[in-house]
Amino acid sequence: CLWIQELLMDEFNLSETRDNLRFRGVKGTTGTQASFLQLFEGDHNKVKDLDKKVTAKAGFKKSYMVTGQTYSRKVDVDVIARLSSLGSTAHKICTDIRLLASRKEVEEPFEKSQIGSSAMAYKRNPMRSERVCSLARHLMSLIQSPLNTAAVQWMERTLDDSANRRITLAEAFLTADAVLQTLQNITEGLVVYPKVIERYIAQELPFMATENFIMAMVKAGGDRQECHERIRVLSQEAGDVVKKEGGDNDLIQRIRECDYFGPIHAQLDQLMDASTFIGRAPEQVDEFLGEEVYPVLEKYKGSLEGSVSLAV
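Heads up: these notes are all about the structure in this document. Since the structure is predicted, the reported quantities are computational estimates derived from the model, not experimental observations.

Right, let's talk about the side chain of D51 for a bit. For D51, the location among the structural elements is in helix α3 (residues 44–57). Owing to a relative accessible area of 8%, D51 belongs among the buried residues under this scheme. Engagement of the side chain of D51 in a polar contact is seen with the side chain of K27, the distance being 2.9 Å. Within polar-contact distance, the side chain of D51 engages the side chain of Q33 at 3.2 Å. Once you skip the residues sitting within four places of it in the chain, D51 turns out to touch G25, V26, K27, Q33 and S63.

The next point concerns the layout of surface pockets. Taken as a whole, the largest pocket holds about 1,800 Å³ of empty space. Lining of the largest pocket is provided by 46 residues; of these, L7, E11, L86, L180 and L183 occupy positions nearest its centre. Per element, the largest residue contribution to the lining of the largest pocket is ten residues, and it comes from helix α1 (residues 2–19). Taken together, the residues of the lining of the largest pocket break down into 29 nonpolar, seven polar and ten charged.

On to empty space enclosed by the protein. The method is simple in principle: a probe with the dimensions of a water molecule rolls over the atoms, and the space it marks as empty is what remains. For the structure on display, the rule yields one cavity of 30 Å³ or more. Size it by volume and the largest cavity reaches roughly 30 Å³. Considering the residues around the largest cavity, the lining is formed by A101, E107, E108, F110, R124, N125 and P126.

Reading the values: the criteria
- Residues numbered from 1 in each chain as written.
- Predicted model: local features only at pLDDT ≥ 70, side-chain atom pairs only at ≥ 80, totals over all residues.
- Heavy atoms only, no water.
- Helix = DSSP H or I, 4+ residues; strand = E, 2+ residues; numbered from the N terminus.
- Buried < 20%, exposed > 50% of the residue type's maximum accessible area, 1.4 Å probe, protein only.
- Polar contact = N/O pair within 3.5 Å; in protein donor to acceptor, adjacent residues only side chain to side chain.
- Contact = heavy atoms within 4.5 Å.
- 1 Å grid on protein atoms, 1.4 Å probe; cavity = no way out; pocket = protein on both sides within 12 Å on 5 of 7 lines; lining within 4 Å.
- Points joined across faces, edges and corners; volume = space filled by probe spheres on them.
- Nonpolar A, V, L, I, M, F, W, Y, C, P; charged D, E, K, R; others polar.

So yeah, pure geometry; function would need other evidence.
In C-alpha cells:
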C-alpha cells in the first residue's frame, strides 16, 4: 500500500499537469497577435475569437494570454518534473523488491528457461527490477535539461532550446512508458514466500517485543529503569549469539531463565503474539483501497485490461 500511495500521488500530479496544460494559441511570431489584428482590420474581438477557436480545435481548454515567441519553457519543466517524480517512485519500489528478493521473501516472475546470472547458474537475479532502476535513474536525471533550458531563455527566447527539448521530451515519455510496462509485468507475476517472511519475523520478534516485556513488568510492580537495563543486557547478549556465532535468537530463553522476570514468565507467549504489533494495518488497507485506490481505478475502467510480456 505504501507503493500504491506514491503511485497515486504520481497519478494525481500527472493528471493535474495534463488537465492544466494550455495552448500557446494564435499569437503570431512574437506573441503580440499583430499580424492577426492587421488581418482582421483592427477588430480585436475577431482576433480573440480566432484564438479561442483554434485552441479548442487543438484540444485545449485554455490558451496562454501572453507569450513570447514560444510558450514558456517552464511548461516543459513541469511536465518532465512529474515524469521524473514517477521515476523516483518506480526506483524506490523496485529497490525494495530487490532487497526483499535478496532475502528470498519475494521473487520476480521468472521464465522457465531464463538465465538469472551468466556467471552463477543458481542465481535468480531480479533482472526486471534492475532494469526499472536503471531506466528510472535516467528518467530522474532528465529534469536537469528543461530546468537549464528554461533558465537561459534570454529575454523571451533563445534558439538553443529547440534541439535539446525535442530529445528530452521524447525520451522522458518513452522512458516513463518503458518503466511502467516493466513495473506492470513485475507486479503481475510477483511471488511472495510467507514462510520465509515468518522465519524473519520469528528471528526479530523477541527484540520487537521487548517494550511489551518492560510494560508488563512495570504493571507487575517492577522498576522501569531497572527492567530496561536488564532487557538491554540480555538483548545485547542474544544479539551477539546471532551476529558473532550465527546462532538463533535466544532472548526469550534468557528471559525465562532470569528470575527477575519471573512475574511475567507465564505471559511471554501472549506478549510475543505477532498480531498485536500490526495495530490497525488491516483496517487501514481496506479503507485505503475503498476510499482512494478503487475510485482512481474506476477512472481508467476499460483501459487497464491485458497484461505485459517482456523478453528477459
